[in-house]
Amino acid sequence: QVQLEESGGGLVQAGDSLRVSCVVSGLFFSSSAFGWFRQAPGKEREFAAYINWSGTTGYADALKGRVTISRDNDKNTTYLQINSLKPEDTAVYLCAARDHPYGSKSGAEYRYWGQGTRVTVSS
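We now turn to the structure provided with this report. As the structure is a prediction and not an experimental result, all values here were calculated from the model.

**Remarks on the nonpolar core**
Note that soluble globular proteins tend to have their nonpolar side chains buried in a common cluster.
Then step 1. Counting residues in hydrophobic clusters, the biggest one holds 35 residues, and the most contacted among them are L4, V24, W36, I69, L80 and Y93.
Then step 2. In contact with L4, not counting residues within four places along its chain, are C22, V23, V24, C95, A96, A97, Y112, W113, G114 and Q115.

Dropping the structure here:
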């Protein structure tokens, strides 16, 4: 069974940096694509970043320059680095996977999801 488990969230101050992680099991990691999404309180889930099998990335316009998605095929883990955190970054950050080599900005394209890790940014 495919499982995705996020970690690394927590309470941070505005201006800090944070890296959240997603450990994946149950699928062929090296040929899959992964995405990070986030859902802020009272808002719809929104796309943050994706990475395809070869390492090509895509980002939400609102987050470009502050976030970096990466993957470690040896550890079956994908990461989202967030810099210069703002209070509006407060959200549950969700990891997603698809049995396809190319990433997508659409959550509907991902079959598997983790439960999320909460990031809270104080001002």
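**Here's the deal with the side chain of T78**
Then step 1. Within the fold, T78 resides in strand β8 (residues 77–82).
Then step 2. Using a relative accessible area of 0% as the deciding quantity, one classes T78 as buried.
Then step 3. Of note is the side chain of T78, whose polar atom sits 2.8 Å from the backbone oxygen of S70.
Then step 4. Sequence-distant contacts of T78, that is, excluding residues within four places in its chain, are made with V20, S21, C22, F29, F34, W36, I51, I69, S70, R71 and C95.

**A few points about the pattern of salt bridges**
Then step 1. If you walk through the whole model with that rule in mind, you get five salt bridges.
Then step 2. One network of salt bridges, in which partners are shared, links R38, E46, R66 and D89.

**With respect to the sheet that holds strand β3 (residues 18–25)**
Then step 1. Strand order in this open sheet of four strands is β1-β3-β8-β7, and the pairing throughout is antiparallel. Whereas interior strands pair on both sides, the edge strands pair on one side only; in this sheet they are β1 (3–7) and β7 (67–72). Sheet twist, expressed as the average angle between the axes of neighbouring strands with direction ignored, equals 15 degrees.

**As for the state of the cysteines**
When the sulfur atoms of two cysteines share a covalent bond, that bond is a disulfide.
Then step 1. In the structure shown here, the tally under the stated rule is one disulfide.
Then step 2. Here C22 pairs with C95 through a disulfide, and the sulfurs are 2.2 Å apart. With the S-S bond torsion at -80 degrees, the cross-link from C22 to C95 turns out left-handed. With a gap of 73 residues between them, C22 in strand β3 and C95 in strand β9 (residues 91–98) connect regions that are remote in the sequence.
Then step 3. The exposure class assigned to C22 is buried, which follows from its relative accessible area of 0%.

**Let's talk about the pairing of β8**
When a strand is regular, its side chains alternate between the sheet's two faces.
Then step 1. The element β8 is largely enclosed, with a buried count of five among its six residues.
Then step 2. One ladder, built from six bridges, connects β3 with β8; its direction is antiparallel. Along β8, the bridge assignment pairs V20 with L80.
Then step 3. Judged from the six bridges that link them, β7 and β8 form a sheet pairing that is antiparallel. Bridged to V67 within β8 is I82.
Then step 4. Between β7 and β8, which pair antiparallel and follow one another directly, the connecting turn spans four residues, one of which, N76, has a positive phi of 50 degrees.

Parameters and conventions
- Residues numbered from 1 in each chain as written.
- Predicted model: local features only at pLDDT ≥ 70, side-chain atom pairs only at ≥ 80, totals over all residues.
- Heavy atoms only, no water.
- Core = buried A, V, L, I, M, F, W, Y, C linked by side-chain atoms within 4.5 Å.
- Buried < 20%, exposed > 50% of the residue type's maximum accessible area, 1.4 Å probe, protein only.
- Contact = heavy atoms within 4.5 Å.
- Helix = DSSP H or I, 4+ residues; strand = E, 2+ residues; numbered from the N terminus.
- Polar contact = N/O pair within 3.5 Å; in protein donor to acceptor, adjacent residues only side chain to side chain.
- Salt bridge = Lys/Arg side-chain N within 4 Å of Asp/Glu carboxyl O.
- Pairing = 2+ DSSP bridges.
- Axes fitted to C-alpha atoms, helices over the stretch in contact; angles between N-to-C directions.
- Disulfide = S-S within 2.5 Å.

On their own, these measurements won't tell you what the molecule is for.
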